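Overview (structure and organization)
Listed below are the residues making up each chain.
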Amino acid sequence: MEKAEIGLIGLGTMGSNLALNIAEKGHRIAVFNRTVSRADAFKAEAGALADRIVPCHSLAELAEAIRPPRPVIIMVVAGKPVDEQIAALRDVLSADDIVIDAGNANFHDTVRRFKELEGSGLTFIGMGVSGGEEGARHGPSIMVGGTEESWRRVEGVLTAISAKFKGEPCAAWLGPDGAGHFVKTIHNGIEYADMQMIAEIYGMLRDGLGMGPKQIAPVFAGWNEGRLASYLIEITAKVLAADDPQTGRPVVDIILDRAGQKGTGKWSVIEAQQLGIPATAIEAAVAARVLSSMKDERLAAEKVYGAGGGRISEPREALLKDLELALLAGKIAAYAQGFAVMAGASKEFSWNLPLPTIARIWRAGCIIRSQMLDQMAEAFGKGGAAANLLMAPAFVEMMKAAHPSLRRIVALAAEAGLPVPALSSALAYFDAYRQGRGTSNLIQAQRDFFGAHGFERIDAPGAHHGPWGGGQ
Ligand code: NDP
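Residues numbered from 1 in each chain as written. Predicted model: local features only at pLDDT ≥ 70, side-chain atom pairs only at ≥ 80, totals over all residues. Heavy atoms only, no water.

The next point concerns the sheet that holds strand 1 (residues 6-9). Here eight strands make up an open sheet; going across it, the order is 3-2-1-4-5-6-7-10 and the pairing mixed. Strand pairing shows two members of the sheet lacking a second neighbour, strand 3 (53-55) and strand 10 (171-175), which therefore form its edges. Strand-to-strand twist across the sheet, computed as the mean angle between neighbouring axes with direction ignored, equals 25°. Sheet topology places strand 6 (residues 123-130) next to strand 7 (residues 141-145); five bridges connect them, and they run antiparallel. Each residue of the ladder has a partner; that of Val129, found in strand 7, is Ile142. Against the sheet, helix 2 (residues 37-45) engages strand 2 (29-32) and strand 3, with an angle of about 155° to strand 3. Against the sheet, helix 5 (residues 107-117) makes contact with strand 5 (98-101) and strand 6, and its axis sits at roughly 155° relative to strand 6, the strand it touches most. (Pairing = 2+ DSSP bridges. Helix = DSSP H or I, 4+ residues; strand = E, 2+ residues; numbered from the N terminus. Axes fitted to C-alpha atoms, helices over the stretch in contact; angles between N-to-C directions. Contact = heavy atoms within 4.5 Å.)

Okay, here's the thing in C-alpha cells:
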C-alpha cells in the first residue's frame, strides 16, 4: 500500500480537523487514537477524503504506514499524555523521524523534550497551532520551533494546510526548540488582553449606557469595518446578535459571567515577569478572568458595597467614537507588550525570533487575526525596527490620535465605578513608558534608607548613599 506522508496521534477536536485538512490538501495521513476504535470511525466519517486516511490500531502500525523519515503529529491533551506518547513513539520510530507536538505545550516542556530526544536519532518539533476547530479544518496559523532541517521535511504539508493571507502561508519556522510554543503562548496572552478589552467596552455600553445586546451588536459590526477590523470584533458582533433557542433571550444574557482558562495566559504573564518585561494589559486580563471566577465573593461584596456601574451621561455618539479609539489605543499597547516579551525572550534564549514573520503569520487563521497585524508586520519589517511597537512611526501616529480617547474612557469608567482593568493598565503603561522622568528616584531613596542599597546620582557617576545614615 502507498505510504502516508505524515502521521497523527489524537483524533479529538483539533487532531481530527487537522487530519482532514491534511488529507484535503492531497496528503495521505496515518492516524492513531488512544481510544483505538476512533481511528476506523474517523475514516468512515471522512467522506470523499477517506481514501487518504490510513487508520492504525497501534503505534507500530502507525510507524509502518508512514514514509521515512516519518513526521508524526501528536495532538493530545497537553502535559503528561504528550510525554507518554513520545516515550511510546521512541520504541517504534527510527533515526531521522520527527515527533511534532502540536498541542498547547508550556515551552519549558518543549525545550526539555527537545533535549531528551537529542542523541536518540529522533528530532522534535514544538508547534503552536491557533485558529480553534475551524482553523484546524480550513487553515490555522502555525508557529514552528525546532531544527531548520526538520522544518524543511514538514514545510510542504504545513504551509499547504495553513491559512493564507493574500496567498502567503501563515506557517513559519520561528527558531529552535521552544520558540514556536513560546510564540503561541504569547499569542494567547495577547488574545486574553484583546478579549478582555472588548468585554470592558461591552460593559461600558451595557452598564454605562444601558444598551442591550441587540443594540451593541451593530456597534461592533460597524467597528469591524474600520481600523479595529478583526476576527474577535467580528465574532463579538455575531455573539451579541444571537438568541438562546430555549428562552428566546439574547445568548449573552443567559451565560454565567465566569470565564474559564487553561493556562496559556498565565504562562505568558509568568514568562513576562521572568524576563523583566512589563506586560500589564495581559496581566490585567488574566487577573480579570480569575476575579470573574470568584462569583460568590463578588456577589457578597456587592451586598456590602453596592454595585458600581453607574450610568454615563455623555452623548452617545461622542462616547461611541471615544470607545472605538480607546479600544484601538488599548490594543496597540497590549500588542506592544506582547511583542516586547517575545523580543526579550529572543534575546534571553538566543532564538533570533523574526518579529515581522510572527506578525505576518498571525494575519490569518489565528484567533487574534486582524487588519492591524498587517501594519505591525510592516512596522517590524522596516530596517532598524523599533524595539517597542509604540515607537514605530505608523503606530506613533495612531497612538497620538487614540490615547486621549483611552484616557477619557478610563476616567469615565473610574467615575462610574465600571471596572476596566485591561484598558486602564494599558493607559498606565503608555503614560509610564512615555514619562522621561519618572518617580523611581523616591523608590531608590526609600531602598537606600531601609536597606543601604545605594542609588545613582543625576550629576555624578558611581553608587551613593543618602544623608540618613545608611541601613536603618
Ligand atoms: P480534545 O479533548 O478534543 O481531544 C483530546 C485528544 O487527546 C483525544 O484524541 C484523546 O483521546 C487524547 N488523549 C487524552 N488523554 C490522552 C492520553 N493520556 N494519552 C493519549 N491520548 C490522550 O482536545 P483538543 O483537540 O481540543 O486539544 C488537543 C490539544 O490542542 C491540546 O493541547 C489543546 O490545548 C490544543 N489546542 C486546542 C485548541 C482548541 O481550540 N480546542 C486550539 C489550539 C490548540 P481519546 O479519544 O482516547 O479520549
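Don't stop here, the text continues.
Taken together, the neighbourhood of the ligand is formed by 20 residues, with Thr13, Met14, Asn33, Arg34 and Thr35 sitting nearest. The contact in question runs from an oxygen atom of the ligand to an N or O atom on the backbone of Val76, over 3.4 Å. Relative to its unbound accessible surface of 900 Å², the ligand loses 75% to contact with the protein. Broken down by secondary-structure element, the contributors of at least two residues to the shell around the ligand are helix 1 (13-24) and helix 4 (80-92). Of all the elements, helix 4 adds the most residues to the shell around the ligand, at three residues. The residue inventory of the shell around the ligand, partitioned by class, reads eight nonpolar, nine polar and three charged. (Near = heavy atom within 4 Å. Polar contact = N/O pair within 3.5 Å; in protein donor to acceptor, adjacent residues only side chain to side chain. Areas by Shrake-Rupley, 256 points an atom, 1.4 Å probe, with all protein chains shown as cover. Nonpolar A, V, L, I, M, F, W, Y, C, P; charged D, E, K, R; others polar.)

The next point concerns the environment of Gly180. Checked against the element boundaries, Gly180 lands in helix 8 (residues 179-208). Given the relative accessible area of 0%, Gly180 is considered buried. When the C-alpha positions of Gly180 and Ile198 are compared, they lie 27 Å apart, and in sequence the two are 18 residues distant. Contacts of Gly180, omitting those with residues within four sequence positions, involve Gly126, Gly128, Met143, Val144 and Gly145. (Buried < 20%, exposed > 50% of the residue type's maximum accessible area, 1.4 Å probe, protein only.)

Per the stated rule, a full pass over the model turns up 28 salt bridges. Across the pair Glu84 and Lys80 runs a salt bridge whose closest N-O atoms are separated by 3.4 Å. Of this pair, Glu84 and Lys80 both sit in helix 4, four residues apart, roughly one helical turn. The class for Lys80 is exposed, based on a relative accessible area of 61%. Here Arg206 ties to Asp207 by a salt bridge, and the two come within 3.0 Å at their closest N and O atoms. Given a relative accessible area of 38%, Arg206 falls into the partly exposed group. A residue is classified by how much of its surface remains accessible, and Asp207, at 27% relative accessible area, is partly exposed. (Salt bridge = Lys/Arg side-chain N within 4 Å of Asp/Glu carboxyl O.)

So, about the nonpolar core. In this structure, Leu205, Phe220, Phe339, Met342, Trp362 and Met376 are the most contacted members of the largest nonpolar core, which totals 100 residues. In terms of residue count, helix 15 (residues 316-348) provides more of this core than any other element does, 18 residues in total. Counting contributing residues per domain, this core is built from domain 1 (6-177) and domain 2 (185-433), each supplying no fewer than three. Here Phe339 is in contact with Leu355, Ile358, Ala359, Trp362, Leu373, Met376 and Phe380, once residues within four sequence places are set aside. Ile6, Met75, Ala102 and Val154 belong to the second-largest nonpolar core, a separate cluster that totals 33 residues. (Core = buried A, V, L, I, M, F, W, Y, C linked by side-chain atoms within 4.5 Å. Domains from an automatic or database assignment.)

All right, on to the domain arrangement of the protein then. In terms of domain boundaries, the protein breaks down into domain 1 (6-177), domain 2 (185-433) and domain 3 (440-472). Centre-to-centre, using C-alpha coordinates, domain 1 lies 32 Å away from domain 2. Listed per partner, the contact involves 26 residues of domain 1 and 22 residues of domain 2. Summed over both sides, the interface between domain 1 and domain 2 buries roughly 1700 Å², with carbon and sulfur atoms accounting for 64% of that surface. In terms of surface lost to domain 2, no three residues of domain 1 exceed Phe107, Phe165 and Leu174, which account for 32% of the buried area on that side. Connecting domain 1 to domain 2 are one salt bridge. The shortest N-O distance in the salt bridge between Glu168 and Arg363 comes to 3.2 Å. If you look at where domain 1 meets domain 2, you find six residue pairs in polar contact (both at pLDDT 80 or more). Taken together, the elements giving at least two residues each to the side of domain 1 that touches domain 2 come down to helix 5, strand 7, strand 8 (164-165), strand 9 (168-169) and strand 10. Counting residues per element, the side of domain 1 that touches domain 2 draws most heavily on strand 10, which supplies four residues. Each residue belonging to the side of domain 1 that touches domain 2 can be placed in one class, and the counts come to 13 nonpolar, nine polar and four charged. (Buried area = accessible area lost by both parts, 1.4 Å probe.)

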